[in-house]
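Results of the structural survey
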There are 2 protein chains.
Amino acid sequence: MGVIEKQRITALQTLLREAGIDYYIVPTADYHNSEYVSDYFKMREFLSGFTGSAGTLVVSGKEAGLWTDGRYFVQAESELEGSGIVLYRMHEENVPTIKEYLEKNVEEGQTIGFDGRVVDAFFGKELEEAFGGKNVTLAYDRDIAVQLWQDRPAMPVSRIWVVPEESCGMGVTEKLGKVREKMAEEGAAHLLLSKLDDIMWLCNIRANDVECNPVALSYAFISREKAVLFIQSAALTEETRGYLAENGVTCEEYDHAAAYLKSCEIDGKVWCSCADISYMLYKLVQDRTELVDKKNPTELMKAVKNPVELEHIRECYIRDSAALTKFLFWMKENAGKTAMDELSVAAKLDGMRAEIPGFLDLSFPTISAYKSNAAMAHYSATEEHFSRIDAEGFYLVDSGGQYEGGTTDVTRTIALGAVTDEMKLHFTRVACAMLRLADARFLYGCTGRNLDIIARAPLWECGLDYKHGTGHGIGYILNVHEGPHSLRWQYKQETPETKLEEGMIVSDEPGMYVQDSHGIRTENIVEIVKEEKNEYGQFMGFRHLTYVPIDLDAIDTQHMEPSDIRKLNAYHERVYEKLAPYFEGAELELLKKATRAV
Amino acid sequence: MGVIEKQRITALQTLLREAGIDYYIVPTADYHNSEYVSDYFKMREFLSGFTGSAGTLVVSGKEAGLWTDGRYFVQAESELEGSGIVLYRMHEENVPTIKEYLEKNVEEGQTIGFDGRVVDAFFGKELEEAFGGKNVTLAYDRDIAVQLWQDRPAMPVSRIWVVPEESCGMGVTEKLGKVREKMAEEGAAHLLLSKLDDIMWLCNIRANDVECNPVALSYAFISREKAVLFIQSAALTEETRGYLAENGVTCEEYDHAAAYLKSCEIDGKVWCSCADISYMLYKLVQDRTELVDKKNPTELMKAVKNPVELEHIRECYIRDSAALTKFLFWMKENAGKTAMDELSVAAKLDGMRAEIPGFLDLSFPTISAYKSNAAMAHYSATEEHFSRIDAEGFYLVDSGGQYEGGTTDVTRTIALGAVTDEMKLHFTRVACAMLRLADARFLYGCTGRNLDIIARAPLWECGLDYKHGTGHGIGYILNVHEGPHSLRWQYKQETPETKLEEGMIVSDEPGMYVQDSHGIRTENIVEIVKEEKNEYGQFMGFRHLTYVPIDLDAIDTQHMEPSDIRKLNAYHERVYEKLAPYFEGAELELLKKATRAV
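Bear in mind the structure is a predicted one, so any value in this text is a computation, not a measurement. (Residues numbered from 1 in each chain as written. Chains lettered and ligands numbered in written order. Predicted model: local features only at pLDDT ≥ 70, side-chain atom pairs only at ≥ 80, totals over all residues. Heavy atoms only, no water.)

The helix and strand tally for chain A stands at 18 helices and 28 strands. Rg of the C-alpha trace for chain A: 25 Å, near the compact-globule value of 25 Å for 598 residues, within the 12% margin. Dimensions along the principal axes, computed over C-alpha positions, put chain A at roughly 70 × 55 × 45 Å. Burial status across chain A gives 59% buried among its 598 residues. (Helix = DSSP H or I, 4+ residues; strand = E, 2+ residues; numbered from the N terminus. Rg over C-alpha atoms; globule rule 2.2 N^0.38 Å. Buried < 20%, exposed > 50% of the residue type's maximum accessible area, 1.4 Å probe, protein only.)

Below is the structure:
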């Protein structure tokens, strides 16, 4: 084990020496900083043998090191064995970050290399700053390692399809108009988009180039008069090309983007978000003109769902909720009776979703975690490592689908048999957390940093916490995680906050994790709605989109305020109303029981 | 009425014409942007006749305009009558800000003048930016209007006194050491302090130059080796001068500061906070070297009270609480029986405070507001306008003292007779708001923006709000309002937030105001304490410093959760414990009754 990788690292070291590169960085990213990386872009995995979804390899003449986070320490240790690659455990004490490592080791006159297409401008600029005064060269214009990768998979390419206006609610021409208004406000003559979901939203198209993200590899370059979409020609048909042309979007080859940007007419500033664009493109644009470095205007526009999208989302979520509820009933009925394990039940759930009309794909790989496995917030069962499920303890399932009517994301934890008082306390407090936040009323102007504490308070009161954010935005037939809004409490002065707007949708997903014991997460998606407007301002609130019972077998009402009990009963009453049309016979009886008042 | 002012404006216009100044700005400020402005600095009042505590006069050849806020519209309208001065109602629709007014009116080649000593660098820089490209001159180095003011009062000067180390807990030498550490961290060779409470804290001195603020007019210039205090020599005795010298602080004349800064040795960057320094000094320093524009390092150090200070504060607050409680009992017993009005009862309360050992002064003018007067958050009864008090409705009193053991600030609202159900709802929700926030447990790292919503939620739930912040820091024998922390919810990207630290003290003062009807505010001061530290992090909490009963006659428990009732009872139990030693006989019986469990 690790022998091939050791050879690959040695071969890479030879290439680096020949190229005059002293330190070479191989991150885990495609050209667009997508959440999932398709096989074509798995260079870091190819070189190191480490298969985790996050990690960066740094190779020098002296050493090869792999940086990854706590989710992957065990896996990386085992997969790196024999490769000679040193594991750097990120965020542990005395472990340097990559930047710190480079600052310590790179000497005057040396060269740091990386493929500038897979490193974002933000990190590239950090390196520039760190080594600005030090006579260190950044060689970012070549993928040195690629010649070692003989059997590299093909670049993904799928046919795009057009989201009809009765589904997405707004035409491309109108969207382009709004984007150009924003460009004018910022004094930008051009907008360069590299963020795939932003491009899909703008062009009302979808595809299948990234796992679970219905997007096509592409760039868009919007000018005052012109809009160019760089996309693989195999992704297009005459029809889709025609649709885009009708809407004022010209198509160019995906891999011509850089050449185009080098030579096209530039008559003013170019707006490009450094957090979302590759360092390569950033340098290229920077060479030509002044930049406006702000979040893409498309990000906020995409986040605020329009009434047509919302109508589809509401309906889609009810069908998705019904399927998950049936699955959870089946789990509770059959645990201990039927042989089941984390993988088999996930497959069953995925199959149930696939039968929902309009189903396209999962929105992310289903997290199916039993007992202590659920204590790892990003646990994923594999063929090599998964647990059998019995009639005891908690089972957590975090899952979602891509449908013609929207993108879903929902987590429930259920008791499959006896659970301890402590587990009930945790479960009950998490349920209160989710319900209190969903029930919050707040003045317009609040951001997620104001509201996060509403969900955390029931846990903080008990000296407990969950080490993840409370909520993220969700796309419409797009990425399951999207910005610019989120629900978090930590303060970072450099991170701008986004006010919560009517029509945004956001997850509400508090949890509680006890190592080696259990993990609980209860996640609904809620939409942001306007409530009364009076002399104090515009009040806002949330409305549930997810309608799945919260397992009453794990609720202990002594840990709830009367108002929490009212919220739970009111939610369950609505769950019954919304789901009953999809249930009958014995299942309807189960639904009645699962949503009874406590 | 207004005749003298009209003449003064005309005379000023003549002087401006002679000086070649087209627009002249007269703000309401001393040289240190103090919260209260002593008579010497009331130039705006002298010129305009308007006596309110906030307002800015702008005079040009065409017009004189006075900008003030909603608190003063009625007063300003009446006081400006006959002066020919136009009232600009700030924050009303279509009313330009001063900057907007100038941008609209000032023409190419014109000159804007102001006394650069009473305009802060922040505003001066805003003007620079607004008129930077426009060939407009800023003439900031002369006080043009001063020659009109024949009978100007003297500049205030009071003898400074030294806070003994057994009271302030840390010597000047140690404080200077900490400040110099921070200067080194920021790469600053010098620190210029103009903020009076920061200077007092650093030098362990107090004085009486500003109303209610126990400070001396002064500047401090700290270098690596040297510390210079610019202060009026009449403020010093041989003894205090000796004390400062022993601690490495050299004294120079207050009005030599500018000359000193022009000629002293500067061997690196100068740290000065543009929000706290005058534009004049800013320009002067900027001419000589590079600036570090950050909040004064003294601000955070001063905000985190040390154990010695906290011990004094805790005791001081109990004596202050006892006095207020006795006053409130007297009010409730005598309203309707004895003749009383807002001014007479305030005088009584101020007198009761003055009898507390160690009393020095009020920490701000007592706000004594009956019925609808309390709906104005900054109401102040005057000899011309005050209300008689009867045995009905709410009475609100916001008050505090300066003592040798600390600075207090507390607000209570009491029912003097029948109050409506709506008033009880408001009162009860405000009480819940104060108690919930004081009872909150939170992870270290939270800022006031995370926590503010805990106090607002009980009101927001009902579609209500109070249009002021929830809390501010408080000095130690210093200003009743201090930073850098606060409890507010609104987001401003440019305003950095401060994490809440153990030892900070902060007000917790939700309220509810209904125009023409009533005003409620319940304000405790709380200290920030560490609670358990576990795998989730360092938990923090608050501890009450204020122990004054919350009027149970206005509490309606149907608007409370069981946990709110527990909090109220627990608070009252502690109020009884803390105050009982100061009560006896019938008053002790009243205390028992006022703190009974509900």
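Residues and elements named next belong to chain A. Direction vectors running N to C along helix α13 (residues 307–334) and helix α14 (residues 342–354) enclose 150°, while the axes themselves pass 9 Å from each other. Along this stretch, α13 crosses α14, giving a crossing that reads as right-handed. Two secondary-structure elements touch here, α13 through Asp320, Ala323, Leu324, Lys326, Phe327, Trp330 and Met331 and α14 through Val345, Lys348, Leu349, Met352 and Arg353. Its residues assigned to classes, the contact of α13 with α14 comprises 8 nonpolar, no polar and 4 charged. (Axes fitted to C-alpha atoms, helices over the stretch in contact; angles between N-to-C directions. Left-handed = near helix turned anticlockwise from the far one by under 90°. Contact = heavy atoms within 4.5 Å. Nonpolar A, V, L, I, M, F, W, Y, C, P; charged D, E, K, R; others polar.)

Attention now goes to the sheet that holds strand β19 (residues 406–407) of chain B. Sheet strands pair by backbone hydrogen bonding; their relative direction is either parallel or antiparallel. Pairing is antiparallel across the open sheet formed by 3 strands, whose spatial order is β15-β18-β19 (chain B). Since the sheet does not close on itself, it has two edges, and those belong to β15 (359–362) and β19 of chain B, each with one partner. (Pairing = 2+ DSSP bridges.)

A few words on the confidence of the model for chain A. Mean pLDDT over chain A: 96, with 100% of residues reaching 70 or higher. Here the prediction assigns the complex a pTM of 0.93, and the interface score ipTM is 0.92. (pLDDT = per-residue confidence, 0-100.)

This brings us to helix α9 (residues 238–246) of chain B. All names here are of chain B. Within α9 the residues assigned to the buried category are Thr240, Tyr243 and Leu244. Each buried residue of α9 lies within a common arc of 95° when the element is viewed along its axis, so the set occupies one face. More than 90 degrees from the buried face of α9, the exposed residues found are Glu238, Glu239 and Glu246. In this structure, the buried side of α9 is in contact with β7 (161–162), α7 (172–185), α8 (196–203), β9 (205–206), β11 (227–231) and β12 (249–253). Immediately beyond the C-terminal end of α9, within one or two residues, lies Gly248, with a positive phi of roughly 80°. (Arc of directions from axis to C-beta.)

Taken together, the 36 residues of chain B in the interface contact 36 residues of chain A. For the pair chain B and chain A, the summed buried surface comes to about 3,000 Å²; carbon and sulfur atoms form 55% of the total. Two residues, Arg449 of chain A and Glu497 of chain B, come together in a salt bridge whose shortest N-O distance is 2.9 Å. Counting every contact that joins chain B to chain A gives 16 residue pairs in polar contact (both at pLDDT 80 or more). Looking at the side of chain B that touches chain A, the elements with two or more residues in it are β21 (441–443), α16 (448–460), β25 (511–514), β27 (524–534) and α17 (562–579) of chain B. With 6 residues, the single largest contributor to the side of chain B that touches chain A is α16 of chain B. (Buried area = accessible area lost by both parts, 1.4 Å probe. Salt bridge = Lys/Arg side-chain N within 4 Å of Asp/Glu carboxyl O. Polar contact = N/O pair within 3.5 Å; in protein donor to acceptor, adjacent residues only side chain to side chain.)

Attention now moves to the relation of the copies chain B and chain A. Once turned by 180° and shifted 0.1 Å along the axis, chain B lies on chain A with an RMSD of 0.1 Å. Overall, the copies show the geometry of a two-fold rotation axis. Within chain B, Asn450 of chain B has its C-alpha nearest the rotation axis, a separation of 2.6 Å. In this assembly, 100% of the residues forming the interface of chain B have copies in chain A that are likewise at the interface, indicating an isologous arrangement. (Least-squares fit on C-alpha atoms with pLDDT ≥ 70 in both.)

To continue, consider the packing of aromatic side chains. All names here are of chain A. Per the stated rule, a full pass over the model turns up 44 aromatic pairs over all chains. An angle of 80° between the planes, with centres 6.4 Å apart, marks the rings of Tyr23 and Tyr101 as edge-to-face. Residue Tyr23 is located in strand β1 (residues 23–26), and its partner Tyr101 is located in helix α4 (residues 98–105); the two are separated by 78 residues in the primary sequence. Judged by relative accessible area, Tyr23 falls into the buried class, the value being 3%. The rings of Tyr23, Trp67, Tyr88 and Tyr101 are connected pair by pair, giving a single aromatic cluster. Positioned over the ring face of Tyr40 is Arg152, at 3.7 Å from the centre of the ring. (Phe/Tyr/Trp six-rings, centres within 6.5 Å; stacked < 30°, edge-to-face > 60°. Lys NZ or Arg CZ within 6 Å of the ring centre and 35° of its normal.)

Bringing the sheet that holds strand β16 (residues 367–370) of chain A into the picture now. All names here are of chain A. Here we have 3 strands laid out as an open sheet, ordered β16-β17-β20, and antiparallel in their pairing. With one partner strand each, in any of the chains shown, β16 and β20 (410–415) form the two edges of the open sheet. Neighbouring strand axes in the sheet, compared pairwise and without regard to direction, differ in orientation by 10° on average. The sheet contact formed by strand β17 (residues 394–399) and β20 spans 6 bridges and is antiparallel.

Here we take up the pattern of salt bridges. Residues and elements named next belong to chain A. Per the counting criterion, the structure on display carries 70 salt bridges over all chains. Of the charged contacts in the structure, one is a salt bridge between Arg224 and Asp267, with a shortest N-O distance of 3.7 Å. Of this pair, Arg224 sits in the loop between β10 (218–223) and β11 (227–231) while Asp267 sits in the loop between α10 (257–263) and β13 (269–271); the two residues are 43 residues apart in sequence, bridging distant segments of the chain. Its relative accessible area of 48% is what places Arg224 among the partly exposed residues. By relative accessible area, Asp267 is classed as partly exposed at 43%. Here the salt bridges share partners, and the residues they tie into one network are Lys195, Asp197, Asp198, Lys302, Lys305 and Glu482.

Residues and elements named next belong to chain B. With respect to the helices and strands, His32 occurs in the loop between β1 (23–26) and α2 (43–48). On a C-alpha basis, the gap between His32 and Ile277 in space is 6.7 Å, while along the polypeptide they are 245 residues apart. Polar side-chain contacts of His32 include one of 2.8 Å to the backbone oxygen of Ser194. Engagement of the side chain of His32 in a polar contact is seen with the backbone oxygen of Ser218, the distance being 3.5 Å.

Residues and elements named next belong to chain A. The N-to-C vectors of α4 and helix α5 (residues 121–131) enclose an angle of 30°; their axes lie 11 Å apart at closest approach. Judged by the angle between their axes, α4 and α5 are roughly parallel. Crossing hand, α4 versus α5: right-handed. Packed against α4, whose contacting residues are Ile98, Lys99, Leu102 and Glu103, the element α5 presents Phe123, Glu126, Leu127, Ala130 and Phe131 at the interface. Taken together, the residues of the contact of α4 with α5 break down into 6 nonpolar, no polar and 3 charged. (Parallel < 35°, antiparallel > 145°, perpendicular 65-115°, else oblique.)

Take the environment of Gly393 of chain A next. Residues and elements named next belong to chain A. Position of Gly393 among the secondary structure elements: in the loop between β16 and β17. Residue classification places Gly393 among the buried residues on the basis of a relative accessible area of 7%. Sequence spacing of Gly393 and Tyr370 is 23 residues, and the spatial spacing of their C-alpha atoms is 7.9 Å. If near-sequence neighbours (up to four positions away) are discounted, Gly393 is found in contact with Lys371, Ile414, Ala415, Leu416, Gly417, Ala418, Val419 and Met423.

All right, on to unusual backbone geometry then. Geometrically, the link from Gly483 of chain A to Pro484 of chain A is a cis peptide bond, its omega value of 5° lying close to zero. Among the secondary structure elements, Pro484 of chain A is positioned in strand β23 (residues 482–487). Located in the positive-phi region is Asn135 of chain A, a residue other than glycine, with phi close to 55°. Here Asn135 of chain A is to be found in the loop between α5 and β6 (137–139). Even without glycine at this site, Asp516 of chain B takes up a positive phi of about 65°. Checked against the element boundaries, Asp516 of chain B lands in the loop between β25 and β26 (518–521). Assessed through its relative accessible area of 68%, Asp516 of chain B is described here as exposed.

The next subject is the pairing of strand β27 (residues 524–534) of chain A. Residues and elements named next belong to chain A. Pairing of strand β24 (residues 505–508) with β27 involves 4 bridges; the strand directions are antiparallel. Paired with Val506 across the strands is Val526, a residue of β27. Pairing of β27 with strand β28 (residues 537–544), which is carried by 7 bridges, proceeds in the antiparallel orientation. Bridge pairing in β28 links Lys533 to Gln538. A loop of 2 residues connects β27 with β28, the two strands running antiparallel in sequence.

It is worth spelling out the side chain of Thr111 of chain A at this point. Residues and elements named next belong to chain A. Along the chain, Thr111 falls in strand β5 (residues 111–114). In this structure Thr111 comes out as buried when scored by relative accessible area, which is 11%. Apart from residues no more than four positions distant in its own chain, Thr111 is found in contact with Gly20, Ile21, Asp22, Tyr23, Thr137 and Ala139.

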